[in-house]
Amino acid sequence: MIKRFVVGNPLETEAILNKVQMSEEKIPYLSVTQQGFSYKLEPEDIVYGLGENVRGINKRGWIYESNCTDNPFHQEDTRSLYGAHNFLIVCGKERCFGVFLDTPANVTFDIGYTHFDEMKITLTQPDYELYVLECETPEEIVGEFRSLIGPSYLPPKWAFGFGQCRWSYFTAQEVREVARGHRENHIPIDMIYLDIDYMERYKDFTIDRETFPDFEELVEEMRQQGIRLVPIIDGGVKVEKGYDIYEEGVVNNYFCKDAEGNDFVVGVWPGKCHFPDMLNEKARRWFGRKYQFLLEKGIEGFWNDMNEPAIFYSENRLKKIFEQLETYKSTNLDVNTFFQFQDLVRSVANNPEDYRSFYHNFRGKKICHDKVHNLFGYYMTRSASEAFEELAPGKRILMFSRSSYIGMHRYSGVWMGDNRSWWSHLLMNLKMLPSLNMCGFLYTGADIGGFGSDATEDLVLRWLALGIFMPLMRNHSANGTRRQEAYLWDNMAAARGIIGLRYRLLPYIYSEFMKAALKNEMYGRPLGFEWPEDTIAVRTEDQMLIGESIMIAPVYEQNAAGRVVYLPEEMKMLRFSGTELAEEKVLEKGHHYLEIGLNEVVLFVKKGHILPLADGGECVDQVDWENLKLYHFAPQGADYELYDDDGVSAAAVLEGHIRLLKV
Ligand code: GLC
């Protein structure tokens, strides 16, 4: 049962694709006001959801905000990350219900933070749509919600291969070296990502011809090696006389304006920039068509970045800060003034006042950015994806974005933003997957090995062992950090083996992904969804179900020789040493301590299920989908629906693409 309420005069976000009638009935257990609502939590209630966020799969015990933020230092006490996903599910003895708050402005979710038995949701804008979904199980709620918000984005099949990224591979030569590092060492790879330095002075839709003189040939040469180049596009457009995108944006009023009606100036990578007004339909169409510049060079995938939008500084703020700094020059910076001074400099980036200082033309109305903040990344990405429908009709183009709002899942995937080479962020990667899946974002993954900070070999290997189960599998690291490409480690053989296993798993991963997308189901599920009556399973957050057949339990602590795994029922453990099966053993229900080596991946096949594995390959095109080895735990026999299609056509359907496998 879905109930829809309209409070005040909300803006149309286009999160919901299939609107339902407004409900007359009240919800007796929610006290709804213009400022939000509250709900009394019982001790055993679990709260799932909120998409991309810190902390657990169960969101209880913290306060979160929906306020898309560029925060490469996020930790446990962070309140909001890059996306805004206002969907949650409360699951208790009394009832199970889901809520979605459709509002593009800031929302606070106090989920048992102020009072452990109270969930309080507070809005900054009193205009919103509220959806309440009442079903028997959280899985049904997810299904209903996903039918409201519409189908998930489908990437091309090759995007399920392994990708290597670095900020940056500065030259064509470096890109060739990365390709060679993988190919010569037989480490499978399908994508090399290009970060901001492929551009000329960080200008979107340009190529630095000094460092990438033969860009078109490079694209083709890589293609011959089974590798796609995937360039980044940023949310800000450089202010530079003679730069066509800048000039066109100015002439046509396609940029966001300040209060006086001038193009709003912000600092991002290139220095002074303007933000294209992604909320203005004409500007959006204009910006989207610019991707053609790279499509016509043979590019088939992109990642959209800095689209929270991230602001290093605004012109005004910089001026104010410099003035204030003058006064500190003659000050003896003491206990009071030193921290003020430090905070002043820190307040330069992503300052809330700046987000209140520029305006959009949204459906013909001037609207302040802070009222629609959480839509910017969504609409930027949508601009590209809508253009692809015209520029590359019928073809799936790889696209994922850093910032997002519900609704964007129809147009692209997301990566989980700038994490760090921390063991805690490895575990966070696991926990974020099901929460994002609930909101329709299926094509997702974190920067493997961690983006910021220096990685170590064991961290990268353990992270790869989790990353092989993420739909988006990409190793990425920041400028200035230790290199972490798979072929650079002493134990390269272990990295090769684990990435190789990903390619053996591809028919399963692709099938489970596509079935989840086409049937509005989850790809990665919390244990509590499958075993709601098992109180241990419900509270287990360091394991996860991937698709219908398997459970995973990655190691996420340094120097650990293995870990304790909880089996809610009898399962068959498969231990892989690299690509090869090393041990197969039925384990009974309960806790088990398992030793797991750095070169190993352990997974658990559920009873009555099959795990089909291919032989492997060094790129997706080489994987043989026909001759599969069926591992199973099926004493009574079992079926498996294998999904396969050409991997590029946009109009994917289940019919005609399912092959039944039997044991
Ligand atoms: C942002 C992105 C990161 C990228 C960097 C440089 O921090 O999140 O992935 O490498 O910008 O473009």
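Values in this document were obtained by computation on a predicted structure and should not be read as measured data.

## Points about the site of the ligand
Here is step 1 of the chain: Looking at the ligand, the residues that line it are W167, D195, I196, I232, W269, W303, D305, R402, W415, D418, F451 and H476.
Here is step 2 of the chain: Contact distances for the ligand include 3.0 Å between an oxygen atom and a side-chain N or O atom of D305.
Here is step 3 of the chain: Here R402 contributes a side-chain N or O atom positioned 2.9 Å from an oxygen atom of the ligand.
Here is step 4 of the chain: Class assignment for the residues of the shell around the ligand results in 7 nonpolar, 1 polar and 4 charged.

## Description of the pattern of salt bridges
Pairs may arise between side chains of opposite charge once their charged atoms sit close together.
Here is step 1 of the chain: What the rule picks out here adds up to 56 salt bridges.
Here is step 2 of the chain: Residues K320 and E353 are paired through a salt bridge, measuring 2.9 Å at the closest nitrogen-oxygen approach. Linking K320 in helix α7 (residues 315-329) with E353 in helix α9 (residues 352-355), this pair joins segments that are 33 residues apart in sequence.
Here is step 3 of the chain: Classification of K320 by relative accessible area gives partly exposed; the value is 42%.
Here is step 4 of the chain: Residue D418 pairs with R402 through a salt bridge whose shortest N-O separation is 3.4 Å.

## Looking at the domain arrangement of the protein
Here is step 1 of the chain: With domains assigned, the protein is organised as domain 1 (2-149), domain 2 (163-235 + 278-311 + 363-507) and domain 3 (508-662).
Here is step 2 of the chain: Between domain 2 and domain 3, roughly 4300 Å² of surface is buried when both sides are summed, and carbon and sulfur atoms account for 65% of that area.
Here is step 3 of the chain: For domain 2, the biggest contributors to the area lost against domain 3 are R396, R504 and P507; these three give 22% of the whole.
Here is step 4 of the chain: Taken together, the links from domain 2 to domain 3 amount to 2 salt bridges.
Here is step 5 of the chain: Between R396 and D645 there is a salt bridge, and its shortest N-O distance comes to 2.6 Å.
Here is step 6 of the chain: Viewed at the interface, domain 3 and domain 2 are joined by 25 residue pairs in polar contact (both at pLDDT 80 or more).
Here is step 7 of the chain: Among the secondary structure elements, those contributing two or more residues to the side of domain 2 that touches domain 3 are α11 (423-438), α12 (457-467) and α13 (492-518).
Here is step 8 of the chain: In terms of residue count, the dominant contributor to the side of domain 2 that touches domain 3 is α13 (11 residues).
Here is step 9 of the chain: Considering only residue class, the side of domain 2 that touches domain 3 consists of 25 nonpolar, 7 polar and 9 charged.

## Details of empty space enclosed by the protein
Over the atoms rolls a probe the size of a water molecule, and in doing so it shows where empty space is left.
Here is step 1 of the chain: Taken as a whole and judged by the stated rule, the model has 5 cavities of 30 Å³ or more.
Here is step 2 of the chain: Reported here for the largest cavity is a volume of approximately 120 Å³.
Here is step 3 of the chain: Along its surface, the largest cavity is lined by 15 residues, and A465, A553, P554, V555 and V602 are the ones closest to its centre.
Here is step 4 of the chain: Mapped by element, the contributors of at least two residues to the lining of the largest cavity are α12 and β35 (600-606).
Here is step 5 of the chain: Residue contributions to the lining of the largest cavity peak at 4 residues, all from α12.
Here is step 6 of the chain: Classifying every residue of the lining of the largest cavity by side-chain character gives 13 nonpolar, no polar and 2 charged.

## Quick look at the sheet that holds strand β24 (residues 413-415)
Here is step 1 of the chain: Strand order in the open sheet made by the 9 strands is β25-β24-β22-β18-β14-β13-β12-β27-β26, with parallel pairing throughout. Each edge of the open sheet carries a strand with a single partner, namely β25 (444-445) and β26 (447-448).
Here is step 2 of the chain: Direction of pairing for strand β12 (residues 162-164) relative to strand β13 (residues 191-194): parallel, over a ladder of 2 bridges. Pairing of G163 across the sheet is with M191, part of β13.

## A look at the packing of α12 against α13
Think of two packed helices as two axes; the pair is described by the angle between the axes and how far apart they sit.
Here is step 1 of the chain: At a minimum axis distance of 9 Å, the contact between α12 and α13 shows a crossing angle of 10 degrees. Taken together, the axes of α12 and α13 are roughly parallel relative to one another. Residue-level contacts link L461, L464, A465 and G467 of α12 to A494, A495, I498, I499 and R502 of α13.
Here is step 2 of the chain: Looking at the contact of α12 with α13 residue by residue, the classes come out as 7 nonpolar, 1 polar and 1 charged.

## Concerning the side chain of D204
Here is step 1 of the chain: Topologically, D204 is positioned in the loop between β13 and α3 (215-224).
Here is step 2 of the chain: Here D204 is buried and forms no salt bridge, its nearest opposite-charge partner K203 lying at an N-O distance of 11 Å.
Here is step 3 of the chain: Among the polar contacts listed, one links the side chain of D204 to the backbone nitrogen of D234, at a separation of 2.9 Å.
Here is step 4 of the chain: When neighbours within four sequence positions are excluded, D204 is seen to be in contact with M199, I233, D234, G236, V237, Y243, I245 and F287.

## Thoughts on the packing of α11 against α12
Here is step 1 of the chain: With their axes 11 Å apart at the nearest point, α11 and α12 run at an angle of 5 degrees to one another. Here α11 is positioned roughly parallel relative to α12, judged by the angle of their axes. Together, W423, H425, L426, N429 and L430 of α11 and D458, L459, R462, W463 and L466 of α12 make up the contact between the two elements.

## A look at the pairing of strand β7 (residues 87-91)
Taken residue by residue, a regular strand's side chains alternate between the two faces of the sheet.
Here is step 1 of the chain: A large share of β7 lies buried, amounting to 5 of its 5 residues.
Here is step 2 of the chain: With burial as the criterion, each face of β7 is covered, one bearing F87, I89 and C91 and the other bearing L88 and V90.
Here is step 3 of the chain: Sheet topology note: the strand β4 (residues 46-49)/β7 ladder contains 4 bridges and is antiparallel. Paired with Y48 across the two strands is I89, which belongs to β7.
Here is step 4 of the chain: One ladder, built from 5 bridges, connects β7 with strand β8 (residues 96-102); its direction is antiparallel. Counterpart to I89 in the pairing with β8 is G98.
Here is step 5 of the chain: Where β7 folds back onto β8 in an antiparallel hairpin, the turn is made up of 4 residues.

## Here we look at helix α5 (residues 281-289)
Here is step 1 of the chain: Those residues of α5 lying buried are A283, R284, W286, F287 and G288.
Here is step 2 of the chain: Between the side-chain oxygen of the N-cap and the backbone nitrogen of K282 there are 2.9 Å, and the N-cap of α5 in question is N280.

## Concerning the sheet that holds strand β15 (residues 237-238)
Here is step 1 of the chain: Read across the open sheet, the 4 strands follow the order β15-β17-β16-β19; overall the sheet is antiparallel. The open sheet has two edge strands, β15 and β19 (313-314), and neither has a second partner.

## A closer look at a nonpolar patch on the surface
Here is step 1 of the chain: The grouping of L333, V335, F338 and F339 at the surface amounts to a nonpolar patch, some 360 Å² of accessible area in total.
Here is step 2 of the chain: In this fold, F339 is placed in helix α8 (residues 337-346).
Here is step 3 of the chain: Take F339: its relative accessible area is 45%, and that puts it in the partly exposed class.

## Focus: the packing of aromatic side chains
Here is step 1 of the chain: For the coordinates displayed, the defined rule picks out 47 aromatic pairs.
Here is step 2 of the chain: Considering the side-chain rings of Y193 and F400, the 5.9 Å spacing of their centres and the 65 degrees angle between planes classify their relative orientation as edge-to-face. Linking Y193 in strand β13 with F400 in strand β22 (residues 398-401), this pair joins segments that are 207 residues apart in sequence.
Here is step 3 of the chain: Among the residues examined, F400 registers a relative accessible area of 0% and is labelled buried.
Here is step 4 of the chain: Ring geometry for Y508 against Y640: centres 5.9 Å apart, planes inclined by 35 degrees, an arrangement best described as tilted. Here Y508, found in helix α13, pairs with Y640, found in strand β38 (residues 639-643); they are 132 residues apart in sequence, far enough to count as distant. Accessibility classification places Y508 together with Y640 in one group, the buried group.
Here is step 5 of the chain: Taken together through their ring pairs, the aromatic side chains of Y153, F160, Y193, W303, F400, W415, Y443, Y510, F513, Y523, W625 and Y643 make up a single cluster.
Here is step 6 of the chain: Above the face of the F293 ring, K297 is positioned so that its terminal group lies 4.0 Å from the ring centre.

Analysis parameters
- Residues numbered from 1 in each chain as written.
- Predicted model: local features only at pLDDT ≥ 70, side-chain atom pairs only at ≥ 80, totals over all residues.
- Heavy atoms only, no water.
- Near = heavy atom within 4 Å.
- Polar contact = N/O pair within 3.5 Å; in protein donor to acceptor, adjacent residues only side chain to side chain.
- Nonpolar A, V, L, I, M, F, W, Y, C, P; charged D, E, K, R; others polar.
- Salt bridge = Lys/Arg side-chain N within 4 Å of Asp/Glu carboxyl O.
- Helix = DSSP H or I, 4+ residues; strand = E, 2+ residues; numbered from the N terminus.
- Buried < 20%, exposed > 50% of the residue type's maximum accessible area, 1.4 Å probe, protein only.
- Domains from an automatic or database assignment.
- Buried area = accessible area lost by both parts, 1.4 Å probe.
- 1 Å grid on protein atoms, 1.4 Å probe; cavity = no way out; pocket = protein on both sides within 12 Å on 5 of 7 lines; lining within 4 Å.
- Points joined across faces, edges and corners; volume = space filled by probe spheres on them.
- Pairing = 2+ DSSP bridges.
- Axes fitted to C-alpha atoms, helices over the stretch in contact; angles between N-to-C directions.
- Parallel < 35°, antiparallel > 145°, perpendicular 65-115°, else oblique.
- Contact = heavy atoms within 4.5 Å.
- Lys, Arg positive; Asp, Glu negative; His and termini not counted.
- Patch = residues over 30% accessible without salt bridge, like charges linked within 9 Å, V, L, I, M, F, W, Y side chains within 5 Å.
- Areas by Shrake-Rupley, 256 points an atom, 1.4 Å probe, with all protein chains shown as cover.
- Phe/Tyr/Trp six-rings, centres within 6.5 Å; stacked < 30°, edge-to-face > 60°.
- Lys NZ or Arg CZ within 6 Å of the ring centre and 35° of its normal.

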